[in-house]
Amino acid sequence: MSDAAPSPERPSVLPAGAIPAATLAIMRPSGDAGPAEILMVKRSATMVFAAGAVVFPGGRVDPDDHVVAAAHGFADDDGDGAARVAALRETLEETGLAVGWPGLAAGDTDDVRRALLAETPLSGILAARGDRLALDTLVPFARWCPNFKEARTFDTRFYAIAAPDHEHELTVEEVEHSHIFWASARETLAMADRGEVSVIFPTRRNLERLAQADDFESFSQHAAAFPVELVTPWIEDCDGASHLCIPGHLGYPVTSEPFERVRRG
């Protein structure tokens, strides 16, 4: 449900200069038969955007991501293909977890991660190894571009994927992040409500959406039932108070929040 009833939905327009980005909700079965756990990272307190906030792994789309996407059959100007590549690449860089890369053996993961962090193009790594990414294993479920007049505005595509089996310890890339953990969407929201972690508005809304499903399969079915449309939150007056609102037809159980409670970035 919503904190307040927003007025009729407003069309979303991509802000000029928005930076293409991608993020990934990686879901694995919990050890106690509870809801699926999702990999989260805490951003460094020194970062310009969302400093200290808990987020899904991800980052901006690089030019080489378009090269990789084209090699996998996507059109040169297909933003979805490049975003899928960016989501997988950024996750490996940030956490050490290789998802959507079936040909990458566990023993090679650290070397490939170091190469990526040293700015070796992913396209060159894939060509040298003869590997292909499993880009079709990513489930698209959202696209957000909040326009809060921050220094940077990101046009972020959200994907979900089932976590691969892995035995090595995951570690954060310390320049951008300070902590990494697995928790269900409900657990992360509860931690935020207790003040133990901080989440920005888009992350909270998408955690609430993920919390409606108990596992990757059921969330995939949920995602398929709703269109992926650009979400650009807007401010409106509800019951005498300013609320930040999003559309009501995209699968989100909460579609507005008092503006004074919102963490924007």
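See the structure above.
Residues numbered from 1 in each chain as written. Predicted model: local features only at pLDDT ≥ 70, side-chain atom pairs only at ≥ 80, totals over all residues. Heavy atoms only, no water.

Student: Which residues make up the environment of T95, and what values do they have?
Tutor: Relative to the helices and strands, T95 resides in helix 2 (residues 79-95). T95 sits in the buried class, given a relative accessible area of 0%. Residues T95 and L39, spaced 56 residues apart in sequence, show a C-alpha to C-alpha distance of 9.1 Å. In terms of polar contacts, T95 uses its side chain to reach the backbone carbonyl oxygen of T91, at 2.7 Å. A polar contact is formed between the side chain of T95 and the backbone nitrogen of L97, at a distance of 3.1 Å. (Helix = DSSP H or I, 4+ residues; strand = E, 2+ residues; numbered from the N terminus. Buried < 20%, exposed > 50% of the residue type's maximum accessible area, 1.4 Å probe, protein only. Polar contact = N/O pair within 3.5 Å; in protein donor to acceptor, adjacent residues only side chain to side chain.)

Student: Mind laying out the packing of helix 1 (residues 63-71) against helix 4 (residues 122-129), listing which residues take part and the relevant values?
Tutor: Working note: a packed helix pair is described by the angle between its axes plus the distance between those axes. Their axes nearest at 8 Å, the elements helix 1 and helix 4 cross at an angle of 35 degrees. Across the interface between the two elements, D64, V67 and V68 of helix 1 pack against L122, S123 and L126 of helix 4. Tallied by class, the residues present in the contact of helix 1 with helix 4 amount to 4 nonpolar, 1 polar and 1 charged. (Axes fitted to C-alpha atoms, helices over the stretch in contact; angles between N-to-C directions. Contact = heavy atoms within 4.5 Å. Nonpolar A, V, L, I, M, F, W, Y, C, P; charged D, E, K, R; others polar.)

Student: Describe in detail the packing of aromatic side chains, supporting the description with residues and values.
Tutor: Taken as a whole and assessed by the stated rule, the structure comprises 5 aromatic pairs. The interplanar angle of 85 degrees and the centroid separation of 6.4 Å between the aromatic rings of F56 and F158 together place this pair among those described as edge-to-face. A residue pair is termed long-range when its members are at least 10 positions apart, and F56 in the loop between strand 3 (54-55) and strand 4 (58-60) and F158 in strand 6 (residues 154-162) qualify at 102 residues. Neither F56 nor F158 differs from the other in exposure class; each is buried. For the ring pair W144 and Y252, a centre distance of 5.8 Å and an interplane angle of 80 degrees mean the geometry is edge-to-face. Of this pair, W144 sits in strand 5 (residues 139-144) while Y252 sits in the loop between strand 10 (241-245) and strand 11 (256-258), and the two are 108 residues apart along the sequence. Using a relative accessible area of 1% as the deciding quantity, one classes W144 as buried. For Y252, a relative accessible area of 5% corresponds to the buried category. Counting every residue linked through ring pairs, the aromatic cluster contains F56, F141, F158 and F219. Positioned above the aromatic ring of Y252, the side-chain terminus of R209 is 5.0 Å from the ring centre. (Phe/Tyr/Trp six-rings, centres within 6.5 Å; stacked < 30°, edge-to-face > 60°. Lys NZ or Arg CZ within 6 Å of the ring centre and 35° of its normal.)

Student: For the nonpolar core, give the residues involved together with the corresponding values.
Tutor: Formed by 36 residues in total, the largest nonpolar core has its most connected members in L24, I26, L88, W101, L122 and L133. Of all elements in the fold, only strand 1 (19-28), strand 2 (37-43), helix 1, helix 2, helix 3 (106-117), helix 4, strand 6 and strand 7 (177-184) reach the threshold of two or more residues within this core. With 7 residues, helix 2 is the single largest residue contributor to this core. Sequence-distant contacts of L133, defined by excluding residues within four places in its chain, comprise V68, H72, V85, L88, G100, W101, L122 and L126. (Core = buried A, V, L, I, M, F, W, Y, C linked by side-chain atoms within 4.5 Å.)

Student: So what's going on with the sheet that holds strand 9 (residues 234-238)? Residues and values would help.
Tutor: Across the sheet, which stays open at both edges, the 3 strands sit in the order 9-10-11 with antiparallel pairing between neighbours. Edge positions in the sheet fall to strand 9 and strand 11, since each has one partner strand and no second. Direction aside, the axes of adjacent strands within the sheet are offset by 40 degrees on average. In this structure, strand 9 lies alongside strand 10, joined through 5 bridges in antiparallel fashion. Bridged to I235 within strand 10 is L244. (Pairing = 2+ DSSP bridges.)

Student: Please provide a residue-by-residue account of the pattern of salt bridges, values included.
Tutor: The final tally for this structure, using the stated rule, is 15 salt bridges. Salt-bridge contacts for R89 lead to D65; the nearest nitrogen and oxygen are separated by 2.8 Å. Linking R89 in helix 2 with D65 in helix 1, this pair joins segments that are 24 residues apart in sequence. D65 shares its class with R89; the two are buried. (Salt bridge = Lys/Arg side-chain N within 4 Å of Asp/Glu carboxyl O.)

Remember, this is a structural readout, not a statement about activity or role.
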